[in-house]
Amino acid sequence: ATTEACDSAELPAPAVVVGGAAVEPPISETIELRDGRTVALRTLHAELQLTYAHGLVAAEELEALVRLAESRGGFRRSPLRRQHSDGVIKDDIRNSSSCPLLWPMVYAGRAHEVAAAANGAALLEELSLATRISERVADLFSRSGMPTTAAHVEPLQLVRYQASELFGPHHDYHESPSSSVQGEQRSFTVLLFGSTLPPGSGGETRFPLLDVSVSPRTGDALIWANLLDDGTPNVRSLHEGRPPASGEKLAVNVWVADRPFDSSSDLERAVRT
Ligand SMILES: O=C(O)CCC(=O)C(=O)O
Ligand SMILES: [Fe+2]
């Protein structure tokens, strides 16, 4: 067995720019997950607990999710979320495409029904991948000292940008409980990258108030807190998806809520995609 230091030394440095300068924050922690996957973490900024995670998801898993989403025509122009800023309603800040994946909270107990659909095999594969990734993220949080289960995880959401498409500055937290499913708040965002875009080719996730930007690399993830310690929204979690200069960018949003969803209520009807 190799030592942690050796393993970490083999990891390529993420492309992170802080205040206009490239930085290489050290590996702060290496976590062995229940499924055998080893995830190395780098703290990128003291605020938002902004963290870079190496190897949270496999390229094959991401490729399968895209294939399955496409096979059911799931990608849509991303819903426009109206944002109030300086009293102005901006609804032109997003022109990427997105696809919510089957939510294990709703469908895990209904596998027979899912299997009976015309494309049942593909739907079951999607459900199983979404379950696996939700459980993995929950396991990572639990092992980082924050007890979390897959019941805290919203439906995963694929997001895809073609060249020059973007998602302008926004917050992931709910501005009001009415946009939540069950009154929950989005404590954390885990953004899984499904594309690699070298520095200078766009597609960065950027935090304008922290002046941090991170280029995507397939299989790696950015994790940040959307809330302050007291559970209220942190306006400094403002972030944006910059347009790829060429090629496309794929990412998967994994939103971790501040409480588990209650599957005994009518979750299916409550889900807005
Ligand atoms: O694509 C990105 O880098 C950010 C995506 C994002 O913020 C979102 O989908 O909420
Ligand atoms: Fe976001």
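For the structure, see preceding data.
A brief structural summary. (Residues numbered from 1 in each chain as written. Chains lettered and ligands numbered in written order. Predicted model: local features only at pLDDT ≥ 70, side-chain atom pairs only at ≥ 80, totals over all residues. Heavy atoms only, no water.)

1. With respect to the coordination of the iron ion (ligand 2)
Six octahedral donors around a metal ideally sit at 90 or 180 degrees from one another, while four tetrahedral donors ideally sit at 109.5 degrees. What counts is decided by this rule: Here the term donor refers to an N, O or S atom within 2.8 Å of the metal (or 3.2 Å for Na, K and Ca), and because water is left out of the atoms, sites may appear incomplete. Only protein chains enter the accessibility calculation, which uses a 1.4 Å probe. A residue is then buried if its area is under 20% of the maximum for its type, exposed if over 50%, and partly exposed in between.
Note on the iron ion (ligand 2): its protein donors are H170 (NE2), D172 (OD) and H239 (NE2). The metal-donor distances range over 2.1 to 2.2 Å. Look at where the donors of the iron ion (ligand 2) fall in the sequence and you get H-x1-D-x66-H. In this structure, H170 and D172 share a single accessibility class: buried.

2. Structural notes on the sheet that holds strand β17 (residues 249-257)
For the record, the criterion: Any two strands with at least two DSSP bridges between them are considered paired. For helices the rule is a DSSP run of H or I covering at least 4 residues; for strands it is a run of E covering at least 2, with both sets numbered from the N terminus onward. Residue contacts follow a heavy-atom distance rule, with two residues in contact if any of their heavy atoms lie within 4.5 Å. As a rule, the C-alpha atoms of each element are fitted with a line to give its axis, helices using only the stretch in contact, and angles between N-to-C directions run from 0 to 180 degrees.
In space, the nine strands of this open sheet follow the order β3-β4-β5-β15-β12-β17-β10-β9-β6, with antiparallel pairing throughout. Strand pairing shows two members of the sheet lacking a second neighbour, β3 (27-32) and β6 (76-77), which therefore form its edges. Both strand β9 (residues 97-100) and strand β10 (residues 157-161) contribute to a ladder of four bridges, which runs antiparallel. From the neighbouring strand, P100 faces β10, where its bridge partner is Q157. Against the sheet, helix α2 (residues 59-71) contacts β9, β10, β12 (186-193) and β17, and its axis sits at roughly 90° relative to β10. In this fold helix α5 (residues 120-143) packs onto β3, β4 (38-43), β12, β15 (221-225) and β17, with an angle of close to 120° to the strand it touches most, β12.

3. Some remarks on the pairing of β4
When β3 meets β4, the two strands line up antiparallel, connected through five bridges. Residue pairing for β4: E32 is matched across the bridge by T38. Between β3 and β4, which pair antiparallel in sequence order, lie five residues; one of them, G36, sits at a positive phi of approximately 90°. Of the strand pairs in this sheet, β4 and strand β5 (residues 51-54) are connected by four bridges, and their pairing is antiparallel. Bridging across to β5, A40 finds its partner in H54.

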